[in-house]
Amino acid sequence: MNMIVLEHYLLVGAILFCLGFFCVLTRRNAVAVLMGVELIFNAANLNFVAFARFGTLNIDGIMFAIFIIMLAAAEATVALAIVLNIYRQLDTVNLDEADLMKG
Amino acid sequence: MLLVIIFTIFAAITIISAGMVAFSQNIVYSAFSLLFTFFGIAGLYVLLAADFLAATQLLIYVGGILVLLLFGVMLTHKIQEVNLSNESMRLAPAAIVVLAFLGLLSIAIYRTQWPTVPVPELTPTTARIGTLFMTDYLLPFEIASLVLLTALVGAVFIARGRVKK
Amino acid sequence: MQHLIWIIPLIPLLGAVINGLLGYRFIKTLGEEKGKRLIGQIACGTVFISFLISLFSFIHLLLRPIDQRVLVNTVYTWFHIGNLKTEVSFLIDPLSGIMILVVTGVGFLIHFYSIGYMGHDEYDEQGHRYISYWRYFSYLNLFAFSMLLLVLADNILLMFVGWEGVGLCSYLLISFWYRKQANAVAGMKAFVVNRIGDFGFLIGIFALFWALGRHGIWTVNFRQIGEHAHLLAEDTILGIPAATFITLFLFLGAIGKSAQIPLYVWLPDAMAGPTPVSALIHAATMVTAGVYMIGRLNFLYSMAPVTLTIVALIGAATAFFAATIGLVQNDIKRILAYSTVSQLGYMFLGMGVAAYGTGIFHLMTHAFFKALLFLGAGSVIHAMGGKQDIRDMGGLRKYLPTTFRTFLIGWLAICGIFPFAGFFSKDEILWSVFNHSNPVLPFLPKLLWLIGLLGAGLTAFYMSRLVFMTFFGELRSEPAEPHGGHGNDARLRDQGDTGPHGHGDGELQGHGNEEVISLSPQREPHESPWTMTYPLVGLAVLSVVGGWFGVPHFLDPVFGGHGGVVSPAAETGEHSTTLEIFLMMVSMAVALGGMAVAAVMYLVMPELPDLLSIRFSRLYDLLLNKYYVDEIYQAVFVNGLLALTTASTRFDLKFIDGIVNESARVTAAFSAFNGWLDLRFVDGIVNTLASGTVFSGSRLRKVQTGQVQSYLFAVLGGVVVIILIRTFI
């Protein structure tokens, strides 16, 4: 291993994605779930930038990543607003207790 | 060789701190680990010649989103509550599925013949990005600003709860 | 001109946005009267402007040589993936030219009519006053936009956007008075039934795209599809010829949208919406989208004779069965609804014998006279204070002179009396059917012709019944007096005897036939305001002259010579003209016969219908209950689906939550069983069974945990399983 190639970045991205997904799946706290979502976003971004560097995406990959960061910011604000609202309504941020749609 | 070492360091920072985010039993630790993940990613961006993006990553993620998440943590826990615990559930099945998925992803990564081109020279990207924002990406750029505005208004509206008449 | 086409759909959208976002403000700030006037002006003005532009475009089209009558306006590239370049572009050729004129022209008249019709106060069931005028016009404009998008679209994806848009607007407008549950249910029914059709339509689009893609042609553009359609001639999909497969699924979409057997059930219930909506959406425009779609893709349908035969069969069957149901209905709007279903059947019959031009011709004339009839019915309902049962009406010609005269024209037009519009279009369809030749089933065209003729007779009968019971004789009850005035039709009306399950209506038949109500002058039904009668007059004129244009011939460039009547002149020579005139005479005679029978039954011997309904009570009940189709659908599909859901729930939970908890539960149950085994062997088994039942019951609910994370878990698990299957098996 004397050259860093595309596959290495993709692998880091994959691990990051899986950790993020694991976080989303297992956390009870809604804020922690949001952190997992941020990890997933970052994993996707890393792939985009890696393809921009090594693949044929060129600068478009970076543009995509910027838009994703923008969307992540928007998502985080709205999601946190929702979490705050849930907290006010149910007095908890544990997602397993917020199951009003339970069958 | 130096690049390999730097890559390894940044990748290790990223993955280890991401692991802390995913596994830590204290949500404040999780949040601070996320900070290191973002730093690690920013470092990887630098290695990938995305200078502007690395700066953006630090500014927006660390300066914005992370602070927001920390606020979220603080606002949703009673301040006198010492136990900022962060329990997990269904650890084992989630681990099985996620590991299986990771395995499949790795196989896919190494089996696929990625269409790569020779790595271009390191050139600053900021000016090019700025030009692109005002030309090819003008419409997405404007729409993005609208989305942000909408998210802002929406977040305020949702978070402030019922208005007393 | 070519570059202005995009304005045609855009302007109604603008109106919808303005009224939707600011309408309430207008009323709040300008006061109710001025605000409502402004909203009405915006709504009508936008549609009128797009009518003017449509008219200019159409004239522009006419000025061109016949083989160059295509205007294309590409607005921008929607998306560009690989070789597939999809554009937002609009196409005006003779076919869409006629359609936009109908949509904007009739649409404008109906918008105008709505100003008067919707202008009165509205109350919820508690009697609280509320205003939703702006909401109505916003939806109506949105509908105009979607319909124009559907018609003008240059590619099938854009058409689908319009297709779904009109479905949405139809839903919104059917359940416009959503405070009444029956209306909300009717809207939902329309939406769900349409969804079944749309599912087929989507499959058709995908299959078409894929089938062309196999030849390296990745396109959704109509003209390009038309150019390359011949490539599909040899192809098969799942063993079925490709063209047949594609057109059959696309036709499923048309069946849903255009209310054909077996998916017509939503249209009669859709009458819960305001009457102008029934006129615009459920008579003149949206329901004809299926016919238009077949016309637009005629080159594909011409390649699939099997599909065409099915289209013709379903069209003829619908034309006939809907007419028989219409014979005994008592709700004025419901009669018109079944008549619409029946007339749509005629259009499909025309399409099914590859006489596309005649189908579109009938679409156009039907839009005129059926909109006229619906608006006339609206005027009648308005005058009756919301009553819709024709047994309560009678003698209205004295009170509503304008409505009466225009309604009469609409009646003559739909019955197919020379020289009104319906005569020409219906006759051309029947003539095309008569002349059609089917190589596999040679007797079929003549049979279809006979069914069509019978249907025409039935149509004449029930429409005459409607006219005679409404306008002739003496008034049988006084107008209802709901809160604050007149015209609160479906929203306050008790759906009891006109609802979807009108059992036991038979006993009520003819109540009050003999008695004559004496009215005080202020309780007399009175003519509607001029905003409502002027559109009636406009549509009446169109219903008279609408048939005089050679529409099928005009459409020839689109349908590649299949537009007009498939003329057998070559083989039969002069004989065909005599034959055609003879057949015209026959259909006129049948129509006049139907009218005469109705006149005898409802004018001369008013006791005859009761006697007949008692004598043939079985048949009467069957027809009154619409062949129990709604009940059958409820039993087979709704309940069947529920059973399927329950079964799959049971299956699901063993899969997902089972992984987590099963082992623990099984161990617990097993040790419990062991414990009981020591105590009481027999009791133990019984108890285990019981706890097993409780267990499975509690498991049964668990699939719907309400937790997003468990759903996500299932998603990721599913992805892993799918990848594993794809990779290793």
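Residues numbered from 1 in each chain as written. Chains lettered and ligands numbered in written order. Predicted model: local features only at pLDDT ≥ 70, side-chain atom pairs only at ≥ 80, totals over all residues.

1. Re the overall build of chain C
The line we're drawing: For helices the rule is a DSSP run of H or I covering at least 4 residues; for strands it is a run of E covering at least 2, with both sets numbered from the N terminus onward. Whether a residue is buried, exposed or partly exposed follows from its count of other C-beta atoms within 10 Å of its own C-beta, namely 20 or more, 12 or fewer, or something in between, respectively; the C-beta atoms are built from the backbone. Here the contact rule is simple: place C-beta atoms from the backbone, and any two residues whose C-beta atoms are within 7 Å are in contact.
Counting secondary structure elements, chain C contains 29 helices and six strands. By residue count, 50% of the 729 residues in chain C fall in the buried class. Taking the contacts inside chain C whose residues are at least 6 apart along the sequence as the reference set, 80% of them involve residues at least 24 apart.

2. A look at the nonpolar core
This is how it is decided: In this description, a nonpolar core means buried residues of the types Ala, Val, Leu, Ile, Met, Phe, Trp, Tyr and Cys, linked to one another by C-beta atoms lying within 7 Å.
Leu152(C) and Ala371(C) are the most contacted members of the largest nonpolar core, which totals 207 residues. Considering every element that reaches this core, the biggest residue donor is helix H15 (residues 356–383) of chain C, with 17 residues. Core analysis: the second largest hydrophobic core is formed by 74 residues, Ala79(A), Leu95(A), Tyr45(B) and Val97(B) among them.

3. Thoughts on the interface of chain B and chain A
What counts is decided by this rule: Under the convention adopted here, Pro, Cys and the residues Ala, Val, Leu, Ile, Met, Phe, Trp and Tyr are nonpolar, Asp, Glu, Lys and Arg are charged, and Gly plus all remaining residues are polar.
If you look at the interface, chain B gives 70 residues, while chain A gives 63 residues. Broken down by secondary-structure element, the contributors of at least two residues to the side of chain B that touches chain A are helix H1 (2–23), helix H2 (27–47), helix H3 (51–75), helix H4 (91–111), helix H5 (126–134) and helix H6 (138–159) of chain B. Its residues placed into classes, the side of chain B that touches chain A shows 51 nonpolar, 16 polar and three charged.

4. Observations concerning helix H17 (residues 421–435) of chain C
Note the following rule: Helix span, expected: 1.5 Å multiplied by one less than the number of residues in the helix.
Between the first and last C-alpha of H17(C) there are 22 Å, a value that for 15 residues agrees with the 21 Å anticipated at 1.5 Å per step. Burial runs high along H17(C): 15 of the 15 residues are buried.

5. Examining the confidence of the model for chain C
Residue and element names in this part refer to chain C. Let me state the cut-off plainly: Predictor confidence is given residue by residue as pLDDT, running from a minimum of 0 to a maximum of 100.
For chain C, per-residue confidence averages 81 on the pLDDT scale, and residues scoring 70 or more make up 87% of the total. Predicted confidence is poor over residues 483–516, with pLDDT under 50, and the contacts of this stretch with residues over four places away or in other chains come to 62 contacts. For this predicted complex, the interface confidence comes out at an ipTM of 0.89, alongside a pTM of 0.67.

6. Quick notes on unusual backbone geometry
Residues and elements named next belong to chain C. Cis geometry marks the peptide bond from isoleucine 261 to proline 262, where omega comes out at 5 degrees. By the element assignment, proline 262 lies in the loop between helix H8 (242–257) and helix H9 (266–269). The omega torsion of the bond from phenylalanine 418 to proline 419 falls at 0 degrees, within 30 degrees of zero and hence cis. Phi angles above zero are rare outside glycine, and leucine 238 is one such case at about 50 degrees. Under the C-beta neighbour-count criterion, leucine 238 is labelled exposed, with 7 such atoms within 10 Å.

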